Amino acid sequence: MSPVSPLVQRLVRPEIQALHAYHVPDSRGFIKLDAMENPYPLPQGLRDEIATLVSAAPINLYPDPSPAALKRKIAELLSLPEGMEVLLGNGSDELIQLLALAVNQPGATLLAVEPSFVMYRMIATFIGMRYVGVPLRDDFSLDLSATLEAIRREQPALVFLAYPNNPTGNLFSADEVHQIIVASPGLVVVDEAYYAFASDSFVPHLARYPNLLVMRTFSKLGMAGLRLGFLAGSSDWLQQLDKLRLPYNVGVLPQLVAGKLLEHHEVLLAQAAQIKFDRVKLFDRLSRIAGVQVYASEANFLLFRIENATAVFNGLKQRGILIKNLNGGHPMLTDCLRVTVGAPDENDRFIAALQEIVA
Ligand SMILES: *Cc1c(COP(=O)(O)O)cnc(C)c1O
């Protein structure tokens, strides 16, 4: 890294200078099992339809700032309760930022459990918002009494709960999440990035709690490259957040392509079903390897613990397989690695390489 010039040093906020940029490793040539991407291509017929749509797309024009038909389609697919609406984001990462910006009054706090999705804390830092992390239990379940106590003490304006959680993969107790929503004086956002692989959702409860929003993304369902996420909830909240949204946050091409893909939602759901099926097999095979402890998952990835995790991670990399090394991050993730459930041949190669490394 080049030394920081005095000018930059004087002007850029110190907490930004202290940050490490979100690291995305070069993955060319690797079997890529590090980022929860869907490994399956689309059927050729659908690709052709997309090509036709894209070739006629008015990319010389600004996109529709609030594409009503696309939002309606999403609301329909979600069976959104009466009176609930959606707000689109450039991935759900952008929505986390909008939410934090909206409630960041002087002294306001963002609360999340840990370990969880790192962007909650990072975005709080970006915008100069106070952040409080509440540790999960050793088995990565919620520590309900500690969480309720932190909510009472900190009075957070904003709480994020990833449901299922990333990077641990488990689904928190629904009953405990309900208790957290009820006890929270601020907004609670249930982040359902992995909804397509999970057995439960808070969408049906939206109408019940005025301080609840559900956030989802299509990234883990085969559209990571499109950058499209959304918030579902009452227009009371969404209208305010919409004012903060940069006017053209979702481009012409993502709008068109997502619209087409959602017309063929069943194709994506079938891929998700295959991934869930393969998750069970992968869990089973991983847990048979001596010295490996695998955690239950309702997402499209598995977290596992293994001695000398960083050496194992590097061994996999040398064998052309990229997963995520969580060792050295959060103390509860010592010796933990996270692997995305890939296509069957990718999972085979991952398991074979791991067996070779531990042999
Ligand atoms: C991947 C992920 C997101 C972000 O997804 P986008 O690609 O920005 O839509 C949000 N929350 C969790 C828990 C995730 O794992």
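All values reported here derive from a predicted model rather than from experimental measurement.

S.K.: Please set out the overall build of the protein chain residue by residue, giving values where relevant.
M.R.: Within the protein chain, the secondary structure is distributed over 13 helices and 13 strands. Taking 359 residues into account, the globule formula puts the C-alpha radius of gyration at 21 Å, and the protein chain, at 21 Å, falls close to it. Over its C-alpha atoms, taken along the principal directions, the protein chain stretches across nearly 60 × 55 × 50 Å. For the protein chain, with 359 residues in total, the buried portion stands at 50%. Counting only contacts in the protein chain whose residues sit at least 6 apart along the sequence, the fraction spanning at least 24 positions is 72%. For the protein chain, the exposed area adds up to about 16,900 Å²; of that, 55% sits on carbon and sulfur atoms.

S.K.: Describe the site of the ligand, with residues and values.
M.R.: D191, Y194, T217, S219 and K220 are the nearest of the 13 residues found near the ligand. Contact between the ligand and S92: an oxygen atom at 2.7 Å from a main-chain N or O atom of the residue. A distance of 2.6 Å separates a nitrogen atom of the ligand from a polar atom in the side chain of D191. If the ligand stood free it would expose 390 Å²; the protein chains cover 93% of that surface. Take the shell around the ligand: its biggest share by element is 3 residues, from helix α5 (residues 91-103). Its residues placed into classes, the shell around the ligand shows 4 nonpolar, 5 polar and 4 charged.

S.K.: How would you summarise the environment of K260 if you had to cite specific residues and measurements?
M.R.: Turning to its location among the elements, K260 is positioned in helix α10 (residues 252-263). Apart from residues no more than four positions distant in its own chain, K260 is found in contact with L46, E49, I50 and L53.

S.K.: Run through the packing of helix α7 (residues 144-154) against helix α8 (residues 174-183), naming residues and quoting values.
M.R.: One way to put it is that α7 packs onto α8 with a least axis distance of 10 Å and a crossing angle of 10°. Between α7 and α8, the angle is such that the two are roughly parallel. When you trace α7 past α8, the crossing you get is right-handed. Where α7 abuts α8, its residues L144, T147, L148 and I151 lie against E176, Q179, I180 and A183. In terms of residue class, the contact of α7 with α8 is made up of 5 nonpolar, 2 polar and 1 charged.

The rules behind each value
- Along each chain, numbering runs from 1 in the same order as the chain's sequence is written.
- Predicted model: local features are reported for residues with pLDDT of at least 70 only, side-chain atom pairs are reported and counted for 80 or more only, and whole-chain, interface and lining totals are derived from all residues.
- Here the side-chain values reflect all heavy atoms present in the structure, with hydrogen atoms and water set aside.
- Going along the chain from the N terminus, every DSSP run of H or I of four or more residues is numbered as a helix, and every run of E of two or more is numbered as a strand.
- Atoms counted for the radius of gyration: C-alpha only. Globule rule: 2.2 Å times residue count to the power 0.38.
- Classification of residues uses two cut-offs on accessible area relative to the type maximum, computed with a 1.4 Å probe and protein chains only: under 20% is buried, over 50% is exposed, and between them is partly exposed.
- Note on contacts: a residue pair qualifies if any of its non-hydrogen atoms lie within 4.5 Å across the two residues.
- Only the protein chains shown count as covering a residue, and every accessible area follows the Shrake-Rupley method with a 1.4 Å probe.
- The nearness test applies per residue and asks whether one of its heavy atoms lies within 4 Å of the molecule or strand.
- A 3.5 Å cut-off defines polar contacts: any pair of N or O atoms within that distance qualifies, except that in protein one atom must be a possible hydrogen donor and the other a possible acceptor, and neighbouring residues in sequence count only when both atoms are side-chain atoms.
- Under this grouping Gly is polar, as are all residues other than the nonpolar Ala, Val, Leu, Ile, Met, Phe, Trp, Tyr, Cys and Pro and the charged Asp, Glu, Lys and Arg.
- Angles shown run from 0 to 180 degrees and are taken between the N-to-C directions of axes, each axis being a line fitted to C-alpha atoms and, for helices, limited to the stretch in contact.
- Angular relationships are summarised with four words: roughly parallel below 35 degrees, roughly antiparallel beyond 145, roughly perpendicular across 65 to 115, and oblique for the angles in between.
- Helix crossings get a hand from a simple test, with the near helix turned counterclockwise from the far one by less than a right angle marking a left-handed crossing and a clockwise turn marking a right-handed one.

Structural measurements only, silent on function.
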